[in-house]
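# Geometric and topological summary
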Amino acid sequence: MGLWDFISQNPEARKQFDETMERDSKVISLALCDCKSVFEGLDSIVEVGGGTGTVAKVVSEAFPHLKYTMLDLPYVVANLTGSENLNYMGGDMFQAIPPADAVLLSGFYMIGMMMNASRY
Ligand SMILES: C[S@@+](CC[C@H](N)C(=O)[O-])C[C@H]1O[C@@H](n2cnc3c(N)ncnc32)[C@H](O)[C@@H]1O
């Protein structure tokens, strides 16, 4: 059983995973907001595997002109509420990623390396 299957069936493991990711994501968010040039010229962005939306909330608030879409598995985003420029979307990145000027992947490389998963 893979990591995502395991934590989808174990709510306590998912909670601990999300809390760990959120702590990490706060640091990433602050760094991203300090690098305004990263978002220059972009009207839209899709964050793939954004978890509970820590990065999405901070970046979409800091850059209100940006149409921000955050994609994660349907059960992960089911109870998240977006804003004027932030839309949470449930789906499978291996099936479809909505079009945008840029794609943001945060935390995937590290997890992929840890899992040695060929899908990453
Ligand atoms: C390493 S975490 C990234 C955490 C996130 N960047 C954050 O700020 O908290 C990877 C995320 O990818 C999601 N994920 C896993 N497989 C996915 C898939 N096939 N399609 C979309 N999201 C997926 C997981 O639910 C998890 O939230």
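The structure contained in this document is the topic of the report that follows. (Residues numbered from 1 in each chain as written. Predicted model: local features only at pLDDT ≥ 70, side-chain atom pairs only at ≥ 80, totals over all residues. Heavy atoms only, no water.)

Per the counting criterion, the structure on display carries two salt bridges. Residues Arg14 and Asp18 are paired through a salt bridge, measuring 3.0 Å at the closest nitrogen-oxygen approach. Linking Arg14 with Asp18, this pair stays in helix α2 (residues 11-34), spanning four residues, or about one helical turn. Here Asp18 falls in the buried class, since its relative accessible area comes to 12%. Across the pair Lys15 and Glu19 runs a salt bridge, and its minimum N-O distance is 3.3 Å. (Salt bridge = Lys/Arg side-chain N within 4 Å of Asp/Glu carboxyl O. Helix = DSSP H or I, 4+ residues; strand = E, 2+ residues; numbered from the N terminus. Buried < 20%, exposed > 50% of the residue type's maximum accessible area, 1.4 Å probe, protein only.)

Taken as a whole, the second largest pocket holds about 200 Å³ of empty space. Forming the walls of the second largest pocket are 15 residues, and the residues nearest its centre are Arg14, Asp18, Thr52, Tyr75 and Val76. Along the lines of polarity and charge, the residues of the lining of the second largest pocket split into six nonpolar, four polar and five charged. (1 Å grid on protein atoms, 1.4 Å probe; cavity = no way out; pocket = protein on both sides within 12 Å on 5 of 7 lines; lining within 4 Å. Points joined across faces, edges and corners; volume = space filled by probe spheres on them. Nonpolar A, V, L, I, M, F, W, Y, C, P; charged D, E, K, R; others polar.)

Our next topic: the side chain of Arg14. Overall, the relative accessible area of 8% leaves Arg14 in the buried class. The residues touching Arg14, leaving out its near neighbours within four places in the chain, are Trp4, Ile7, Tyr75 and Val76. (Contact = heavy atoms within 4.5 Å.)

One open sheet accounts for four strands, arranged β3-β2-β1-β4; its pairing is parallel. Looking at the sheet topology across the chains shown, the edges are occupied by β3 (86-90) and β4 (102-105). The average angle at which neighbouring strand axes cross in this sheet is 25 degrees, direction not considered. Pairing between strand β2 (residues 67-72) and β3: five bridges, direction parallel. Its bridge partner lying in β3, Leu71 is registered against Met89. (Pairing = 2+ DSSP bridges. Axes fitted to C-alpha atoms, helices over the stretch in contact; angles between N-to-C directions.)

This part takes up the site of the ligand. Around the ligand, the structure places 21 residues, and the nearest of them are Ser25, Asp72, Asp92, Met93 and Ser106. With respect to the ligand, the backbone of Gly49 contributes an N or O atom lying 3.3 Å from a nitrogen atom. Take Asp92: an N or O atom from its side chain is 2.8 Å from a nitrogen atom of the ligand. Burial of the ligand by the surrounding chains reaches 98%, relative to a free accessible area of 600 Å². (Near = heavy atom within 4 Å. Polar contact = N/O pair within 3.5 Å; in protein donor to acceptor, adjacent residues only side chain to side chain. Areas by Shrake-Rupley, 256 points an atom, 1.4 Å probe, with all protein chains shown as cover.)

Note: α-helices contain 3.6 residues per turn, so residues at a spacing of three or four share the same orientation. The complete set of buried residues in helix α3 (residues 54-62) reads Thr54, Val55, Ala56, Val59 and Ser60. Buried-residue contacts for α3 involve α2, β1 (44-48), β2, β3 and β4.

This next bit is on the nonpolar core. Phe39, Ile45, Val59, Leu66, Tyr68 and Met70 are the most contacted members of the largest nonpolar core, which has 17 residues in total. Take this core: its biggest share by element is three residues, from α3. Beyond its immediate stretch of four places on either side in the chain, Tyr68 contacts Ile45, Glu47, Val55, Ala56, Val59, Ser60, Asn85, Leu86, Asn87 and Leu104. (Core = buried A, V, L, I, M, F, W, Y, C linked by side-chain atoms within 4.5 Å.)

Any link to function would need more than the numbers given here.
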